[in-house]
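Take a look at the letters that make up each chain.
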Amino acid sequence: MTLQSKALLVHLLTATGAIFAMLAMLAAVEGNWALMFLWLVVAFAVDGIDGPLARRYDTKSNAATFDGVLLDLIIDYLTYVFVPAYALFKSGLMPGWTGWFGIFVITFASAMYFADTRMKTKDKSFSGFPSCWNMVVLVLFALKPSFVVIVVLVTALAIMMFVPVKFVHPTRTQRWRAVTLPMALGWIGFAGWAAWVDFHPQSWAHWGLVICSIYLLAAGALQQILYGKDG
């Protein structure tokens, strides 16, 4: 197989995320939240794989007909933002006006963030919260906090998109990658486990989700404190 063919296959792998987004949306419309999150976890795993493959096979040079960055952003918006926002609204976790507030804030702020040219830092981390609402909403489904907590969290994270605080990229941020990558893989595993057992309140998966989520949310800011904004 030629290098060009391998690069094209990477684009095709990325594009499967659109299929998983549609399958997740169909499950969400039926109120099958566990199945919806299982499809979103699959999409999340694909998103973690296609980036390193794209760099390995240099898709920009060897399959330049397709813009891999644009393709990735389109699918990320569907799987990271649009479907999770719908689930948060339709599930009743944010009742009444809070549901409308949630979907408007999440979709609008995320659209602006995805178009922000300052999204990445010098060390390949994210500048601001990287609109990972799929991760946030899955944890909310598992823990089921009060709607007041959810409103405060959604508001805070939406603001954090545009505050120059670093959030680590699991595969591209080199500092602490020996910890970050296993934490990200652990999050995927715990997320799949939690969805598989339909978010049973006694599942140990919830503790794993909380631990991994806290690390992934806080690691970049801690690096910034310890090593400076360009460290």
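Below you will find a few notes about this structure.

What counts and what doesn't
- Residues numbered from 1 in each chain as written.
- Predicted model: local features only at pLDDT ≥ 70, side-chain atom pairs only at ≥ 80, totals over all residues.
- Heavy atoms only, no water.
- Helix = DSSP H or I, 4+ residues; strand = E, 2+ residues; numbered from the N terminus.
- Rg over C-alpha atoms; globule rule 2.2 N^0.38 Å.
- Buried < 20%, exposed > 50% of the residue type's maximum accessible area, 1.4 Å probe, protein only.
- Contact = heavy atoms within 4.5 Å.
- Lys, Arg positive; Asp, Glu negative; His and termini not counted.
- Charge placed at Lys NZ, Arg CZ, Asp CG, Glu CD.
- Patch = residues over 30% accessible without salt bridge, like charges linked within 9 Å, V, L, I, M, F, W, Y side chains within 5 Å.
- Areas by Shrake-Rupley, 256 points an atom, 1.4 Å probe, with all protein chains shown as cover.
- Salt bridge = Lys/Arg side-chain N within 4 Å of Asp/Glu carboxyl O.
- Disulfide = S-S within 2.5 Å.
- Phe/Tyr/Trp six-rings, centres within 6.5 Å; stacked < 30°, edge-to-face > 60°.
- Lys NZ or Arg CZ within 6 Å of the ring centre and 35° of its normal.

As a further point, take the overall build of the protein chain. Broken down by element type, the protein chain carries nine helices and two strands. Relative to the globule expectation of 17 Å for 231 residues, the C-alpha radius of gyration of the protein chain, 17 Å, shows essentially globular dimensions. Overall, the protein chain is about 50 × 40 × 35 Å in size when its C-alpha atoms are taken along their principal axes. The buried share of the protein chain, taken over its 231 residues, is 46%. Considering only contacts in the protein chain between residues 6 or more positions apart, those separated by 24 or more positions represent 77%. In the protein chain, 15 side chains carry a positive charge and 11 a negative one; their mean positions are 8 Å apart.

To continue, consider unusual backbone geometry. Peptide bonds are, in most cases, trans, and in most cases residues other than glycine have a negative phi. The phi torsion at Ser 131 lies on the positive side, around 55 degrees, for a residue other than glycine. Turning to its location among the elements, Ser 131 is positioned in the loop between β1 (126–127) and α6 (133–143). A relative accessible area of 0% places Ser 131 in the buried class. Of note in this structure, Asp 198 is not a glycine but carries a positive phi near 55 degrees. The class for Asp 198 is exposed, based on a relative accessible area of 53%.

Let us look at a positive patch on the surface. Together, Arg 55, Lys 60, Lys 120, Lys 124 and Arg 177 make up a positively charged patch on the protein surface. With respect to the secondary-structure elements, Lys 120 resides in the loop between α5 (97–114) and β1.

Below, the discussion takes up a nonpolar patch on the surface. Together, Met 1, Leu 8, Leu 9, Leu 12 and Phe 66 make up an exposed nonpolar region whose accessible area comes to about 520 Å². By secondary structure assignment, the location of Leu 8 is in helix α1 (residues 3–29). By relative accessible area, which is 34% here, Leu 8 ends up partly exposed.

So, about the state of the cysteines. Applying the stated criterion across every chain yields a total of zero disulfides. Summary of cysteine pairing: Cys 132 is not part of a disulfide, and the nearest cysteine sulfur, belonging to Cys 212, is at 14 Å. Overall, Cys 132 belongs to the buried group, its relative accessible area being 13%. Among the residues examined, Cys 212 registers a relative accessible area of 5% and is labelled buried.

Mapping Gly 68 onto the fold places it in helix α4 (residues 68–90). Judged by its relative accessible area of 26%, Gly 68 is partly exposed.

Note on aromatic pairs: each is described by the distance of the centres and the angle between the planes. The final tally for this structure, using the stated rule, is 16 aromatic pairs. An angle of 15 degrees between the planes, with centres 5.9 Å apart, marks the rings of Phe 20 and Trp 39 as stacked. Placement of the pair is Phe 20 in helix α1 and Trp 39 in helix α2 (residues 33–56), with a sequence separation of 19 residues. Overall, Trp 39 belongs to the partly exposed group, its relative accessible area being 27%. Both rings, one in Phe 129 and one in Phe 167, keep their centres 5.9 Å apart while their planes meet at 70 degrees; by these two values the pair is edge-to-face. Here Phe 167 lies in strand β2 (residues 166–167) and Phe 129 lies in the loop between β1 and α6, a separation of 38 residues in the sequence. The exposure class assigned to Phe 167 is buried, which follows from its relative accessible area of 6%. Aromatic rings pair up to connect Trp 33, Phe 37, Phe 141 and Phe 199 into one cluster. Sitting above the plane of the Tyr 227 ring, Arg 175 keeps its charged end 3.7 Å from the centroid.

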